[in-house]
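Here is what each chain is made of, one letter per residue.
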Amino acid sequence: MTGSGNIGVIRDFEKRKSIVDYHTGIDGLRFVEEHFDRYFNDFVLPFIIQKVNCFDGIILFDYCTSDEFYNIFSVYFSMFKQRDKAYRDFLEMSIELKERLNAGDELGDK
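Cut-offs used in this document
- Counting restarts for each chain: residues are numbered from 1 in the order of the written sequence.
- Local features are withheld for residues below a pLDDT of 70 in this predicted model, meaning they are given only at 70 or higher, and side-chain atom pairs are given and counted only at 80 or more; totals for whole chains, interfaces and linings count all residues.
- Only hydrogens and water are removed before side-chain values are computed, so all heavy atoms of the structure are retained for them.
- Numbering of helices and strands runs from the N terminus, with a helix taken as a DSSP run of H or I at least four residues long and a strand as a DSSP run of E at least two residues long.
- Any residue under 20% of the maximum accessible area for its type is buried, any over 50% is exposed, and the rest in between are partly exposed; the area is computed with a 1.4 Å probe on protein chains only.
- Note on definitions: a residue-residue contact is assigned when non-hydrogen atoms from the two residues lie within 4.5 Å.
- The method behind every accessible area is Shrake-Rupley, applied with a 1.4 Å probe, and residues are considered shielded solely by the protein chains displayed.
- Note on aromatic contacts: the rings of Phe and Tyr and the six-membered ring of Trp form a pair at centre separations within 6.5 Å, being stacked when their planes are under 30 degrees apart, edge-to-face when over 60 apart, and tilted otherwise.
- Side-chain atoms alone can form a polar contact between residues adjacent in sequence; in general such a contact is a pair of N or O atoms within 3.5 Å, and within protein one must be able to donate a hydrogen while the other accepts it.
- Fitted lines through C-alpha atoms serve as axes, helices being fitted only where they are in contact, and the angles separating the N-to-C directions of these axes extend from 0 to 180 degrees.
- Reported orientations rely on four angle classes, namely roughly parallel under 35 degrees, roughly antiparallel over 145, roughly perpendicular from 65 to 115, and oblique for the rest.
- In this scheme, a crossing is called left-handed if the near helix is turned counterclockwise away from the far one by less than a right angle; it is called right-handed if the turn is clockwise.
- Lys, Arg, Asp and Glu make up the charged group, whereas Ala, Val, Leu, Ile, Met, Phe, Trp, Tyr, Cys and Pro make up the nonpolar group; the residues left over, Gly among them, are polar.

**Student:** Would you mind going over the overall build of the chain with me for this structure?
**Tutor:** The helix and strand tally for the chain stands at two helices and two strands. The order of helices and strands in the chain, counted from the N terminus, is α-β-β-α. The buried share of the chain, reckoned over its 110 residues, is 21%. Long-range contacts, defined as pairs at least 24 residues apart, comprise 69% of the intrachain contacts of the chain with a sequence gap of at least 6. Of the accessible surface of the chain, which amounts to about 8300 Å², a share of 58% is contributed by carbon and sulfur atoms.

Here is the structure:
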């Protein structure tokens, strides 16, 4: 749909634009998710593996007050909030698209 050009399958411009925006939104979510996962794997997980006794569940508290801890987890929680917002925005856009597609006939004449 995004690369089909103007072949007149959906005549309603707003519906076409919403469909294209939906696909663009999916790409945006992939981008956010990839960076979130990469940060977790590159920084958060190694820190936890180094500083937490996973067998006993004991955190080495000396490291919880370090600048390294604050920096790693501040960025992580900031990225978590950005990721959450991206998913909420995408959900809202998806609901609007569904309502727009359900309003009128399949070709967008209404």
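Once you've had a look at it, read on.
**Student:** Sorry if this is basic, but what is going on with the packing of aromatic side chains here?
**Tutor:** Each aromatic ring pair is specified by the distance between its two centres and by the angle formed by the two planes. As enumerated under the stated definition, the model contains twelve aromatic pairs in all. Judged by centre distance (6.4 Å) and plane angle (40 degrees), the rings of Phe 73 and Phe 77 are tilted. With Phe 73 and Phe 77 both in helix H2 (residues 67-102) and four residues apart, the pair spans about one turn of that helix. Here the aromatic residues Phe 36, Phe 40, Phe 47, Phe 69, Tyr 70, Phe 73, Tyr 76, Phe 77 and Phe 80 are joined through ring pairs into a cluster of three or more.

**Student:** Help me understand the environment of Arg 30, please; the structure alone is not making it clear to me.
**Tutor:** Mapping Arg 30 onto the fold places it in helix H1 (residues 13-51). On the basis of relative accessibility, which here comes to 48%, the residue Arg 30 falls in the partly exposed class. A distance of 2.9 Å separates polar atoms of two side chains, one belonging to Arg 30 and the other to Asp 27.

**Student:** Would you explain the packing of H1 against H2 in this entry?
**Tutor:** Axes are the key here: two packed helices are described by the angle between their axes and the distance separating the axes. Between H1 and H2, the shortest axis-to-axis distance is 9 Å and the interhelical angle comes to 160 degrees. In terms of orientation, H1 lies roughly antiparallel with respect to H2. Viewed along their axes, H1 and H2 form a crossing whose handedness is left-handed. Here the contact of H1 with H2 is composed, by residue class, of 25 nonpolar, five polar and eight charged.

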